[in-house]
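Fold and contact review
Here are the chains, one letter per residue:
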Amino acid sequence: MSAEPRTPARFTRGRAALATLALAALMLVVASLPWATGEAESVLGLQPVTVSGSEAAPATLGLALIVGAAGLVIAIGRRVGAVLGALALAAAGATTIPTALAVTRDPAPALRRAAAEASGVPEVAGASATTPWPTVTAVLGGLAIVLAGVIGWQMRRWPARADRRFERATAAKKASAQEGAPAQGVSAVDAEAQHRTRAMDDWDAQARGEDPTDEQR
């Protein structure tokens, strides 16, 4: 029974890389938006304080960059590179979720840091509030995990890269050349042996008083 042809992957390497890079861009954009708001006391009275995602959770920037790097590795790497890219993508997504949710649970530390920079007093007056963006970032982290799983499932159907096929062709040519080398070496040895045998025959003919040049060899 003949094996069934493998179905081409609909989620190709290029689409996987583009999806990963788009996810990294979204994470960077969301990290620049306001995540928490509050009020700080100053000599002029209450002053509004706002912190962005990169200020409230600086790790989100690094995690977004890791996701982008994973997309590049998936795009230009070989099969091993795609596996490592998918693993890095899943790890970054798993780390993003608790990092973002921590700001949702308690934005006060980030607001106090911002209040200290604004008024010199690390205190927040009144209640603090968070925006939906930390939750959105956590959702993006979950999408990164799902995307890593899809990439790991589909990469088995991705065709070999052109550079790998070129290396295989080069290796085949080298193997063919190495197989042909012994045959050429044997021919050279045989030719040298025939030359020595003919020289000995000519020497014997001269010893018998015969002219070896009279014979057609």
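Residues numbered from 1 in each chain as written. Predicted model: local features only at pLDDT ≥ 70, side-chain atom pairs only at ≥ 80, totals over all residues. Heavy atoms only, no water.

Turning our eyes to something else, we now look at the UniProt feature "transmembrane region" (unreviewed entry) in the protein chain. The positions that UniProt labels "transmembrane region" (unreviewed entry) are, in the present scheme, residues 56-76, 83-103 and 136-155. Regarding residues 83-103, the helix share stands at 100% and the strand share at 0%, and the terminal C-alpha atoms are separated by 31 Å. Taken end to end, residues 136-155 is 95% helix and 0% strand, and its first and last C-alpha atoms sit 28 Å apart. (UniProt positions renumbered as here; feature names shortened; annotations may be inferred. Helix = DSSP H or I, 4+ residues; strand = E, 2+ residues; numbered from the N terminus.)

A separate point is the environment of alanine 86. Tracing the backbone shows alanine 86 in helix 4 (residues 79-105). Along the chain, alanine 86 and valine 67 lie 19 residues apart, while their C-alpha atoms are 9.3 Å from each other. Setting aside residues no more than four positions away along its own chain, alanine 86 makes contact with Ile74, Ala148, Ile151 and Met155. (Contact = heavy atoms within 4.5 Å.)

This part is about the side chain of arginine 13. Examined against the element boundaries, arginine 13 turns out to sit in helix 1 (residues 13-31). At 2.9 Å, the side chain of arginine 13 forms a polar contact with the backbone oxygen of isoleucine 74. (Polar contact = N/O pair within 3.5 Å; in protein donor to acceptor, adjacent residues only side chain to side chain.)

Turning our attention to the confidence of the model for the protein chain. The share of residues in the protein chain with pLDDT of 70 or more is 65%, and the mean pLDDT across the chain is 79. Note that residues 1-5 has pLDDT below 50 and, in this model, 0 contacts with residues that lie over four places away or in other chains. (pLDDT = per-residue confidence, 0-100.)

For the rest of this paragraph, the subject is the packing of helix 1 against helix 6 (residues 133-154). Where helix 1 meets helix 6, the closest approach of the two axes is 10 Å, and the angle between their N-to-C directions is 165°. Between helix 1 and helix 6, the angle is such that the two are roughly antiparallel. As helix 1 runs across helix 6, the sense of the crossing is left-handed. Contacts between helix 1 and helix 6 pair Ala16, Ala19, Thr20, Leu23, Leu26, Met27 and Val30 from the former with Trp133, Val136, Thr137, Leu140, Leu143, Ala144, Leu147 and Ile151 from the latter. Partitioned by chemical class, the residues of the contact of helix 1 with helix 6 number 13 nonpolar, 2 polar and no charged. (Axes fitted to C-alpha atoms, helices over the stretch in contact; angles between N-to-C directions. Parallel < 35°, antiparallel > 145°, perpendicular 65-115°, else oblique. Left-handed = near helix turned anticlockwise from the far one by under 90°. Nonpolar A, V, L, I, M, F, W, Y, C, P; charged D, E, K, R; others polar.)

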